[in-house]
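# Coordinates in review
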Amino acid sequence: LTREEIRVAIEESHPASVPVASHCVGGLGLDWALELGLDTLEHAYHITPAQVEKLSVSRTALVLTPGAVLSRERVQKLPTTLITGHLGEREMMFRSMASTIKGGIPFAVGTDGMHGNLVQDILYLVELGASNVQALRAATSYGAQTCGIGHETGSLAPGKLADVIVVGGNPLEDPGTLRNIMAVFKNGKLMHGHAFRELTGQGLAHGAHPIP
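Positions within a chain are numbered from 1, following the residues in the order the chain's sequence is written. It should be noted that, the model being predicted, local features are given only for residues of pLDDT at least 70 and side-chain atom pairs only at 80 or more, the latter also being counted only at that level, while totals for whole chains, interfaces and linings use all residues. The basis for every side-chain value is the complete set of non-hydrogen atoms in the structure, without hydrogens or water.

## Things to note about the packing of helix α2 (residues 27–36) against helix α3 (residues 49–56)
Basically, it comes down to this: With axes taken as lines fitted to C-alpha atoms, and helix axes fitted only over the stretch in contact, angles between N-to-C directions fall between 0 and 180 degrees. Runs of E in the DSSP output that reach at least two residues are strands. Runs of H or I that reach at least four are helices, and both are numbered from the N terminus. An angle below 35 degrees is read as roughly parallel, one above 145 as roughly antiparallel, one from 65 to 115 as roughly perpendicular, and any other as oblique. By convention the crossing between two helices is left-handed if the near helix lies anticlockwise of the far one by an angle smaller than a right angle, and right-handed if it lies clockwise. Residues are treated as being in contact if the distance between any of their heavy atoms lies within 4.5 Å. Gly counts as polar in this scheme, as do all residues outside two lists: the nonpolar Ala, Val, Leu, Ile, Met, Phe, Trp, Tyr, Cys and Pro, and the charged Asp, Glu, Lys and Arg.
Direction vectors running N to C along α2 and α3 enclose 15 degrees, while the axes themselves pass 10 Å from each other. With respect to α3, the axis of α2 lies roughly parallel. Between α2 and α3 the crossing geometry is left-handed. Contacts from Gly27, Leu30, Asp31, Leu34 and Glu35 of α2 reach α3 at Gln51, Lys54 and Leu55. Taken together, the residues of the contact of α2 with α3 sort by class into three nonpolar, two polar and three charged.

So, in structure tokens, the structure goes:
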């Protein structure tokens, strides 16, 4: 897209309260998006230090999707013409995403085309330098905020939807325990109750670890 096309898309959408997102990995397009007021920037695989600085003072929210490029299993399933390029740029993309985290920029996490693998993306965030708490917030409170529904969900607070997963373990110590889902509550209603007896009484009361 040209700079003018990006400008028109944003200027026509915002008066109608429609946010604008962009798949943007870097380059001149990323500069234009930040200058013109993009709402959410997805990927940022090739963001530069100068662009990290611009992003830090912009109103644009960042959504990192590390699994789409760091998962060798996923990359090997790409068209053969793309595999070599992805593997050759893997370390560069790792450094770029790590620089945004090191720069203190808030971020949400998405799966891109890796649906169902959000836990792995959270683990990649930790590899990129995020703390366990930062990585968990990216998938919960900041993720909800980025989607414009932070007033409804994303954290446990009075007046918000009681959407809760119960896992076997403490994700603040090991985010990988998010794979061990034992129960799911949707708006306070139990939806899935694997080993639910273990979660009642003492087990649930003394094993709860809300994200700060």
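## Quick notes on unusual backbone geometry
Residues other than glycine predominantly adopt negative phi, and peptide bonds predominantly adopt the trans conformation. Here is the rule we go by: Residue burial is assigned from relative accessible area. The probe radius is 1.4 Å, only protein chains are included, and a residue is buried under 20% of its type maximum, exposed over 50%, and partly exposed in between.
Notably, serine 17 is not glycine yet its phi reads approximately 60 degrees, a positive angle. Along the polypeptide, serine 17 turns up in the loop between α1 (3–13) and β1 (21–26). Serine 17 sits in the exposed class, given a relative accessible area of 65%. With a phi angle near 90 degrees, histidine 43 is a residue other than glycine that sits in the positive phi range. Considering the arrangement of structural elements, one finds histidine 43 in strand β2 (residues 40–46).

## Remarks on the pattern of salt bridges
Rules: Any carboxyl oxygen of Asp or Glu within 4 Å of a side-chain nitrogen of Lys or Arg constitutes a salt bridge here.
Tallied over the entire structure, the rule returns seven salt bridges. The shortest N-O distance in the salt bridge between arginine 3 and glutamate 35 comes to 3.3 Å. On the criterion of sequence distance, the pair formed by arginine 3 in helix α1 and glutamate 35 in helix α2 is long-range, its members being 32 residues apart. Aspartate 31 is paired through a salt bridge with lysine 54; the nearest N and O atoms lie 3.3 Å apart. With a gap of 23 residues between them, aspartate 31 in helix α2 and lysine 54 in helix α3 connect regions that are remote in the sequence. Ionic contacts of the salt-bridge type, sharing partners, join the residues Glu4, Arg7 and Glu11 into one network.

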